[in-house]
Amino acid sequence: MNTFETKNTPSPDAGGHFGPYGGKFVPETLIPVLSELERVYAAAVADPAFTKRYDSLLANFVGRPTPLYFAERLTKHLDGPKIYLKREDLCHTGAHKINNALGQMLLAERMGKKRIIAETGAGQHGVATATAAARFGLECVVYMGEVDMARQAVNVKRMEMLGTEVRPVTAGQRTLKEAVSEAIRDWVANSSTTHYVLGSALGPHPFPMIVRDFQSVIGREARYAILAEEGRLPDLLVACVGGGSNSIGLFHPFLNDASVRMMGVEAGGRGNALGEHAARFDGGRPGVLQGTRTYVLQDDSGQIALTHSVSAGLDYAAVGPEHALLREIGRAEYDRVSDDEALEAYSLLNRLEGILPALESSHAVAWMIKHAAEMDGNEIVIVNLSGRGDKDLDQVLALGRTGLCSKR
């Protein structure tokens with residue numbers, strides 16, 4: 001498997017556009033910084049020594065490859081297709097986020113940047129960045145909304161134990177969008193010494209491309225494993241979509257395989273009204289947010305809407321620009337599941353398979369539970385289990401939802 005193989009798959013144009021989406025909508029002071037990052041990244045991925053070091057970190061620090069696990073009891077329970085789980089929850093730090101954090105840390109090292117900043121919602125990207133910064137001996141600051149700090153308190157403590165400063169964000173909704181804004185402000189002021197490890201496949205070019213490429217290890221491994229196990233490609237890929245890094249990482253190596261459907265699952269929240277969900281493709285429209293043009297939840301005046309999800313990592317008003325293009329050209333499909341459905345899936349997978357999924361990943365599992373009856377036993381599905389759910393247990397307990405799904 002070639003780590004950075006992107007031949008014959010969509011990439012942004014020279015301006016960082018995926019069709020009408022993407023681009024660089026940033027203060028003028030950041031244009032040379034982004035250009036430097038683009039040059040350094042292009043040189044890095046062409047350098048065998050960089051690839052060798054990155055692959056070594058994935059194998060020996062992250063614990064890759066992660067398994068492709070046949071969920072036998074879930075498959076039997078749903079009486080539909082054969083369901084495999086891509087076990088990103090088994091990565092060091094408990095989620096796929098470490099794949100990108102390590103790659104960007106290597107880029108920071110090549111640029112001579114000694115200070116790292118990041119944003120986080122669910123805390124998993126923050127923990128991954130803090131972990132990678134500790135591994136490389138770099139100063140690290142993570143911005144996190146106060147609401148997310150409360151519901152992900154364990155991850156806050158983990159970051160602090162790793163030597164990272166977690167800065168609370170008190171503006172606006174006090175969730176991921178505001179954390180991104182604060183990180184960008186810091187970056188504008190300190191770009192000569194600081195690298196911003198953006199955590200998802202969004203933001204200004206070249207971040208959507210860089211994050212996608214570092215996360216495409218998920219799809220490459222899944223492709224190799226399913227061919228070894230089943231002798232053919234899957235019929236369907238399913239992954240949750242917040243900004244969209246775990247999903248684009250799974251989807252990208254399969255984009256040229258027309259027989260493989262792709263389903264991205266957004267946060268349906270607690271209702272259909274604006275402010276009650278985070279389903280950008282079911283209520284949003286094209287706009288610009290935090291450096292990129294994509295689908296954005298906004299009101300009639302173009303003001304960014306409030307969002308809601310039980311999952312902090314999906315609670316964001318925009319989606320990655322490549323996802324917007326994939327939807328527009330019909331290559332990928334997008335749907336939503338509610339908070340309640342995600343909570344049911346969180347409990348069901350734990351009881352049937354002994355695997356506690358992150359609330360983000362639970363959205364993908366929930367979609368599979370809802371739609372399994374539409375498929376038959378000859379079909380094969382890969383569901384990306386992007387992270388583990390122990391980080392969410394206090395929140396689920398507070399909601400009184402641990403007694404769900406007693407049927408075995």
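Within any chain, residue numbers begin from 1 and follow the written order of that chain's sequence. For a predicted model such as this one, the threshold for reporting local features is a pLDDT of at least 70, and the threshold for listing and counting side-chain atom pairs is 80 or more; totals across whole chains, interfaces and linings nevertheless cover every residue. Excluded from the side-chain calculations are hydrogens and water; all other atoms, namely the structure's heavy atoms, are used.

**Q** Tell me what's going on with the overall build of the chain, and back it up with residues and numbers.
**A** Counting secondary structure elements, the chain contains 15 helices and 14 strands. Residue-level accessible areas treat just the shown protein chains as cover; the underlying method is Shrake-Rupley with a 1.4 Å probe. Of the accessible surface of the chain, which amounts to about 14,900 Å², a share of 50% is contributed by carbon and sulfur atoms. Distance between charge centres in the chain, computed from 43 positive and 49 negative side chains, equals 3 Å. Numbering of helices and strands runs from the N terminus; a helix is a DSSP stretch of H or I covering at least four residues, while a strand is a stretch of E covering at least two. Within this scheme the basic residues Lys and Arg register as positive and the acidic residues Asp and Glu register as negative, but His and the chain ends are omitted. A charge is said to be at NZ when it belongs to Lys, at CZ for Arg, at CG for Asp and at CD for Glu.

**Q** Give me the pairing of strand β4 (residues 82–87): which residues, what numbers.
**A** By the criterion of burial, β4 is predominantly enclosed, with 5 of the 6 residues buried. DSSP-based pairing: two strands are paired if at least 2 bridges between them are found. Two strands pair when backbone bridges link them, and strand β3 (residues 68–70) and β4 are joined in this way by 3 bridges, in the antiparallel orientation. What sits directly across from L68, in β4, is K86. The pairing of β4 with strand β14 (residues 380–385) spans 6 bridges and is classified as parallel. Residue pairing in the sheet places I83 in a bridge with V381 of β14. Any residue under 20% of the maximum accessible area for its type is buried, any over 50% is exposed, and the rest in between are partly exposed; the area is computed with a 1.4 Å probe on protein chains only.

**Q** Explain the pattern of salt bridges residue by residue, including any values.
**A** One side-chain nitrogen of Lys or Arg within 4 Å of one carboxyl oxygen of Asp or Glu is enough to make a salt bridge. Evaluation of the coordinates by the stated rule reveals 31 salt bridges. The salt bridge involving R64 is made with E221; its shortest N-O contact spans 2.7 Å. Here R64, found in the loop between α2 (48–62) and β3, pairs with E221, found in helix α10 (residues 217–230); they are 157 residues apart in sequence, far enough to count as distant. We classify E221 as buried; its relative accessible area is 7%. Across the pair D257 and R223 runs a salt bridge, and its minimum N-O distance is 2.4 Å. You can see D257 sitting in the loop between α11 (245–251) and β10 (261–269) and its partner R223 sitting in helix α10, a full 34 residues away along the chain. For D257, a relative accessible area of 14% gives the class buried. Within the structure, one salt-bridge network assembled from shared partners comprises R115, E139, E165, R167 and D186.

**Q** Go over the side chain of S191 with me, naming the residues and quoting the values.
**A** Of note, S191 is situated in the loop between α8 (176–190) and β8 (194–196). Leaving out residues up to four positions away in the same chain, S191 has contacts with L30, V33 and K113. Only heavy atoms enter the contact rule, under which two residues are in contact if any of them lie within 4.5 Å.

**Q** Give a description of the environment of F25 that names residues and reports values.
**A** Locating F25 in the fold gives a position in the loop between β2 (21–22) and α1 (31–45). A C-alpha to C-alpha distance of 25 Å links F25 and G264, two positions 239 residues apart in sequence. Discounting residues that sit within four places of it in the chain, F25 has contacts with V288, G291, T292 and R293.

**Q** How would you sum up unusual backbone geometry? Please name residues and give values.
**A** The omega torsion of the bond from R64 to P65 falls at 5 degrees, within 30 degrees of zero and hence cis. Among the secondary structure elements, P65 is positioned in the loop between α2 and β3. Backbone torsion omega between H205 and P206 reads 15 degrees, so that peptide bond is classified as cis. Note that P206 resides in the loop between β8 and α9 (207–215). Positioned with a positive phi, R174 is a non-glycine residue whose angle comes to about 60 degrees. As for its position among the elements, R174 is in the loop between β7 (165–169) and α8. With a relative accessible area of 33%, R174 lands in the partly exposed category.

**Q** Residues and numbers for the packing of α2 against helix α4 (residues 97–111), please.
**A** Between N-to-C directions, angles span 0 to 180 degrees; the directions come from axes that are lines fitted to C-alpha atoms, helices contributing only their stretch in contact. Two elements in contact, α2 and α4, have axes separated by 10 Å at closest approach and are oriented at 140 degrees. Classified by the angle their axes make, α2 and α4 are oblique. With respect to the hand of their crossing, α2 and α4 are arranged in right-handed fashion. Facing F50, R53, Y54, L57, L58, F61 and V62 of α2, the residues of α4 in contact are I98, N99, L102, G103, L106, L107, E109 and R110. Residue classes in the contact of α2 with α4 are distributed as 10 nonpolar, 2 polar and 3 charged. Roughly parallel covers angles under 35 degrees, roughly antiparallel covers those over 145, roughly perpendicular covers 65 to 115, and oblique covers all other angles. A crossing counts as left-handed when the near helix is turned anticlockwise from the far one by less than a right angle, and as right-handed when that turn is clockwise. Residue polarity is assigned by list, with Asp, Glu, Lys and Arg as charged and Ala, Val, Leu, Ile, Met, Phe, Trp, Tyr, Cys and Pro as nonpolar; anything else, Gly included, falls into the polar class.

**Q** Run through the sheet that holds β3, naming residues and quoting values.
**A** Strand order across the open sheet formed by 6 strands is β3-β4-β14-β9-β10-β13, with mixed pairing between neighbours. Looking along the sheet, the strands with just one partner apiece sit at the ends: β3 and β13 (333–338). Sheet twist, expressed as the average angle between the axes of neighbouring strands with direction ignored, equals 30 degrees.

**Q** Can you break down the sheet that holds strand β6 (residues 139–145) residue by residue, with the values?
**A** Taken in spatial order, the 4 strands line up as β7-β6-β5-β8 in an open sheet, and their pairing is parallel. Here the strands that pair on one side only, and so sit at the sheet edges, are β7 and β8. Taken pair by pair, the neighbouring strands of this sheet meet at an average axis angle of 25 degrees, ignoring direction. In the sheet, strand β5 (residues 115–120) pairs with β6 via 6 bridges, with the strands oriented parallel. When the sheet's bridge partners are listed, R115 is paired in β6 with E139. Contacting β5 and β8, α4 crosses the sheet at an angle of about 155 degrees to β8. Against the sheet, α8 touches β5, β6, β7 and β8, its axis set at about 160 degrees to β5.

**Q** Mind laying out the nonpolar core, listing which residues take part and the relevant values?
**A** Buried Ala, Val, Leu, Ile, Met, Phe, Trp, Tyr and Cys residues that are joined via side-chain atoms within 4.5 Å together make up what is termed a nonpolar core. Among the nonpolar cores identified, the biggest contains 93 residues, and M105, L107, W187, Y196, L237, L250 and I382 are the most heavily contacted of them. Looking at this core, the element that brings in the most residues is α4, giving 8 residues. In this structure L107 touches L37, V40, Y41, A44, F50, I210 and F214, once residues within four positions along its chain are discounted. Judged by nonpolar contacts, the second largest core, of 25 residues, contains I83, V238, I355 and V383.

**Q** Residues and numbers for helix α13 (residues 339–353), please.
**A** Between the first and last C-alpha of α13 there are 21 Å, a value that for 15 residues agrees with the 21 Å anticipated at 1.5 Å per step. The positive-phi residue at the C-terminal boundary of α13 is G354, with phi of around 70 degrees. One fewer than the residue count of a helix, multiplied by 1.5 Å, yields its expected span.

Taken by themselves, the reported measurements are silent on function.
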